[in-house]
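# Structural overview for review
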Amino acid sequence: MFQPKKKRPRIRRTMSGLIALTLLSSLVFPSVAGAESTEPSEVQFANVTVQAGQTVHVPVTLKQSYSQVSAYNMQIDYDTSALEVVRITPKSVNTISTSPEETGVGDFQYVINNEEGWVRIIWVDFNAGERLVLDEQQLFDIEVKAKSNATPGTKQLTVEQSDSEHWHFTNVEHNSAAQLSGGTITITAANSGGDNSGSTPTPNPGNSSGGGGSVSPTSPVVTPVPSTPAVTKGVDIYVNGQKQEQSATATTSTVNNQVTTTVHVDNAKVINQIGSGLRTLLLPITGTGKGAVVGELNGKLVKTMEGSNAEVVIQTDSGTYTLPANQIQVDQILNQFGSTVPLEDITIQIAIVPSATSKQTAIQAAADKLENTTVIAAPIDFEVKAIWNGQQVNVDRFNSYVERTITLPEGVDGSKITTGVVLQPDGSLLHVPTKVIKGNGQDSAIINSLTNSTYALIYHPATFSDVTSHWSRDDVQDLASRLIVQGTGENVFAPDRSITRAEFTAVLLRGLGLHAPRSTEAASFTDVKTGSWYEDEVQTAVSYGLISGYADDSFRPNSEISRAEALTIVSRAMKLVGLAQADASETTSLLSTYSDSAKVQAWAAEPVASAIKQELVQGADGKLMSDADISRAQSAAIVKRLLAKAGLI
């Protein structure tokens, strides 16, 4: 049951997980089976506009329900001659996204079939009513791409609502009818608004550094002289997916052989149009090839967007930068310039820039030093800066992970990417959380980071002879290919060897992509020696609140770390990546399923329970063994699960 009609034979295998989830959904609230609702729920697909060759997000929202929704399923159909679905992202609180091809059944599952033109989505609350969906809550987001050869016009996302296998909602009190509205996708011609092949020159990039949640001090603006006359044309931008004609201009010029496109937003016009309902401001600039693209807004617009929890998206041929307005930190910028400076006089520049030749050379040199490493595609700089009265402030650190996407050149296989890397000041390459998205013709890599910097993509396959038959093989080799874990000798990993406190801290930091302290305040431990290999790692972990040391002011870096200690550090990292932790009421029940739960010390109870809640640990033979030393293999598995659960890899 519950398979799309006319497609049953083709998808029987790939939908097995969805079928199981559907069967379970009918058992979630057995006491209300057969009850009928008096009023239908209302579900809304956003109406959006997208340029041919570009992508757009379609929010799907539960606008009204007369009882909280406990489960739903739907099949969304679309025209494959013009559209393809890139990805589905769950938005309901605490949903867990899994693929139906994976083992087990998760709360939220989906299948995308771009050949036949349908998407199948199923969600069930398996948590005793703790994750019910409420009115005005977004269910999920559909990222849709208009094909480059799509004819301008409108296309419709449709659902066969008369078929319960394609459209069904279950409420706590009844099996609910549901009405659908919206779903119109307006496709505009490519390069709408003119040939956006360049822009006015922008100030030289500022310094990038690690950390989080701060802006750099002001520095003088240096304006290069363009070698070609500037050309300005009107362009269209999009507010909440709706085209705003002539709300921006694009200016092109060439400086030092670099063609740059700068999009100047009509700030007042956009503010007047959006009121308090802004979610996304999209600046789509295509046809620039390898040129630089800069979006310009003023501080007043950014502040308005911050109040609406909105994001600005710069979309180019080479990549996309999705930046929540609250991460630009306008108030901190204002403090740098002076609190009396009018916000509308501050220019905020968000840029996607091909890396300079010197950086490309440095990245290649660093890759050459690593064994079996290939640089895939040219590196890109992502930058945010504020300019006022000849002064510049670089925004290079954030309080939460910020997403940027690098689009691979046609013909480059995304499976040949093992991770994204960031170029360090010392010329080394370090991992940043990266996941590859397969596309129709062009793949892309999504990088999440707490900093702005120069990013590249590498292929670094790694194997170890002593994990070939070990339970941890996939986890260890995946993390090694991402430069997160390293071997102990020639082709050897030593998976069952205990790991020290310093080693575990270093592995976790590499996995999270934290490569420098977020503040200049130094941590002081009596046994962390200046010049030791772990000194920087300890300082960074302290600055992010991941470690605190012992009462005697020691860190004991070379002592073996217990499972409870390791999970305590991991639970603090869960806050950083946005994973829900166990509360006091959950802790006892989560621990009680293990026979040795009484041995978990009070200080470790909630951290261990949080790890259980997020399925980062499973125990062995019904035991947690919280006091036992954690092994190198177990450490790798936990860090990988943490990153995967957070959607970072």
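Being a predicted model, the structure only gives us computed values, none of them experimental.

The subject of this paragraph is the overall build of the protein chain. Looking only at helices and strands, one finds 13 helices and 31 strands in the protein chain. The burial tally for the protein chain puts 54% of its 649 residues in the buried class. In the protein chain, the proportion of contacts linking residues at least 24 apart, taken out of those at least 6 apart, comes to 76%. Counting only carbon and sulfur atoms, one obtains 47% of the accessible surface of the protein chain, whose full area is about 27,200 Å².

Now for the packing of helix H10 (residues 563-577) against helix H13 (residues 632-645). Packing of H10 against H13 leaves a shortest axis separation of 11 Å and a crossing angle of 20 degrees. Taken together, the axis directions place H10 and H13 in an arrangement best described as roughly parallel. In the crossing of H10 with H13, the sense of the turn from one axis to the other is right-handed. Only Gln634, Ile638 and Leu642 of H13 make contact with H10, whose side of the interface consists of Arg563, Leu567, Val570, Ala573, Met574 and Val577. Classifying every residue of the contact of H10 with H13 by side-chain character gives seven nonpolar, one polar and one charged.

The residue asparagine 149 is located in the loop between strand E9 (137-146) and strand E10 (153-156) in this model. Owing to a relative accessible area of 61%, asparagine 149 belongs among the exposed residues under this scheme. Residues asparagine 149 and serine 81, spaced 68 residues apart in sequence, show a C-alpha to C-alpha distance of 8.7 Å.

For the rest of this paragraph, the subject is the pairing of strand E31 (residues 454-459). Within E31, five of the six residues are buried, which leaves it mostly tucked inside the rest of the structure. Looking at chain direction, strand E25 (residues 374-388) and E31 are connected through five bridges and run antiparallel. Its bridge partner lying in E31, isoleucine 380 is registered against tyrosine 455. Bridging between strand E27 (residues 419-423) and E31 involves four bridges; their strand directions are antiparallel.

Let us look at the packing of helix H7 (residues 473-481) against H13. Orientation of H7 relative to H13, taken along the N-to-C sense of each, is 70 degrees, at an axis distance of 9 Å. Judged by the inter-axis angle, H7 sits roughly perpendicular to H13. Listed contacts from H13 to Asp474, Asp475, Val476, Asp478 and Leu479 of H7 are Ala633, Ala636, Ala637, Val639 and Lys640. Taken together, the residues that form the contact of H7 with H13 break down as six nonpolar, no polar and four charged.

To continue, consider helix H9 (residues 535-543). Taken as a whole, H9 has its buried residues at Val538, Gln539, Thr540, Ala541 and Ser543. Buried residues along H9 sit in contact with helix H8 (501-512). Looking one or two residues beyond H9, the residue adopting positive phi is glycine 545, at roughly 75 degrees.

Our focus in this paragraph is the pattern of salt bridges. Using the criterion set out here, one finds 20 salt bridges in the structure. Across the pair aspartate 396 and arginine 397 runs a salt bridge whose closest N-O atoms are separated by 3.6 Å. As a salt-bridge pair, lysine 645 and glutamate 615 come within 3.1 Å of each other at their nearest N and O atoms. Of this pair, lysine 645 sits in helix H13 while glutamate 615 sits in the loop between helix H12 (602-613) and H13, and the two are 30 residues apart along the sequence. On the basis of relative accessible area, lysine 645 is assigned to the partly exposed category, the value being 26%.

Another point: the sheet that holds E10. Ordered by their spatial adjacency, three strands build an open sheet running E2-E14-E10, and the pairing between neighbours is mixed. Edge positions in the sheet fall to strand E2 (48-51) and E10, since each has one partner strand and no second. Taking the axes of each pair of neighbouring strands and ignoring which way they run, one obtains an average angle of 30 degrees across the sheet. Examined bridge by bridge, E2 and strand E14 (residues 184-188) share four bridges and lie parallel to one another. Each residue of the ladder has a partner; that of valine 50, found in E14, is isoleucine 187.

Leu512, Leu514, Leu546 and Leu642 are the most contacted members of the largest nonpolar core, which has 61 residues in total. If you list the elements that add at least two residues to this core, you get H7, H8, H9, H10, H12 and H13. Sequence-distant contacts of leucine 512, defined by excluding residues within four places in its chain, comprise Tyr401, Pro433, Leu546, Ala573, Leu576, Val577, Leu642 and Leu643. Grouped together as the second largest cluster of nonpolar side chains are 52 residues, Ile237, Leu283, Val293 and Tyr321 included.

This next bit is on the packing of aromatic side chains. Applying the stated rule across the entire model yields ten aromatic pairs. Between tyrosine 72 and phenylalanine 169 the ring centres are 5.4 Å apart and the planes differ by 20 degrees, which places this aromatic pair in the stacked class. Taken together, the residues span a long stretch of sequence, with tyrosine 72 in strand E4 (residues 69-77) and phenylalanine 169 in strand E11 (residues 167-171) at a distance of 97 residues. Look at tyrosine 72 and you get buried, because its relative accessible area is 2%. Here the aromatic rings of tryptophan 533 and tyrosine 534 are separated by 5.4 Å at their centres, their planes lie at 85 degrees, and the arrangement is edge-to-face.

A separate point is the side chain of asparagine 73. Residue placement: asparagine 73 occurs in strand E4. A polar atom in the side chain of asparagine 73 sits 3.1 Å from the backbone oxygen of glutamate 165.

Residues of helix H4 (residues 299-307) that are buried: Gly299, Leu301, Val302 and Met305. Buried positions in H4, seen along its axis, are confined to an arc of 160 degrees and lie on one side of it. Of the residues flanking the end of H4, it is asparagine 309, one or two places downstream, whose phi is positive at about 55 degrees.

On to the confidence of the model for the protein chain. Counting all residues, the mean pLDDT for the protein chain is 82, and 81% of those residues have values of 70 or more. In this model, residues 1-16 is a region of pLDDT below 50 whose contacts with residues beyond four sequence positions or in other chains number 39 contacts. Segment residues 191-212 is flagged for pLDDT under 50; beyond a separation of four residues in sequence, or across chains, it makes 96 contacts in the model.

Right, let's get into unusual backbone geometry. The backbone of asparagine 309 shows a phi angle near 55 degrees, a positive value even though the residue is not glycine. With respect to the secondary-structure elements, asparagine 309 resides in the loop between H4 and strand E22 (311-315). Even without being glycine, glutamate 615 reaches a positive phi, approximately 60 degrees.

So, how was this worked out
Residues numbered from 1 in each chain as written. Predicted model: local features only at pLDDT ≥ 70, side-chain atom pairs only at ≥ 80, totals over all residues. Heavy atoms only, no water. Helix = DSSP H or I, 4+ residues; strand = E, 2+ residues; numbered from the N terminus. Buried < 20%, exposed > 50% of the residue type's maximum accessible area, 1.4 Å probe, protein only. Contact = heavy atoms within 4.5 Å. Areas by Shrake-Rupley, 256 points an atom, 1.4 Å probe, with all protein chains shown as cover. Axes fitted to C-alpha atoms, helices over the stretch in contact; angles between N-to-C directions. Parallel < 35°, antiparallel > 145°, perpendicular 65-115°, else oblique. Left-handed = near helix turned anticlockwise from the far one by under 90°. Nonpolar A, V, L, I, M, F, W, Y, C, P; charged D, E, K, R; others polar. Pairing = 2+ DSSP bridges. Salt bridge = Lys/Arg side-chain N within 4 Å of Asp/Glu carboxyl O. Core = buried A, V, L, I, M, F, W, Y, C linked by side-chain atoms within 4.5 Å. Phe/Tyr/Trp six-rings, centres within 6.5 Å; stacked < 30°, edge-to-face > 60°. Polar contact = N/O pair within 3.5 Å; in protein donor to acceptor, adjacent residues only side chain to side chain. Arc of directions from axis to C-beta. pLDDT = per-residue confidence, 0-100.

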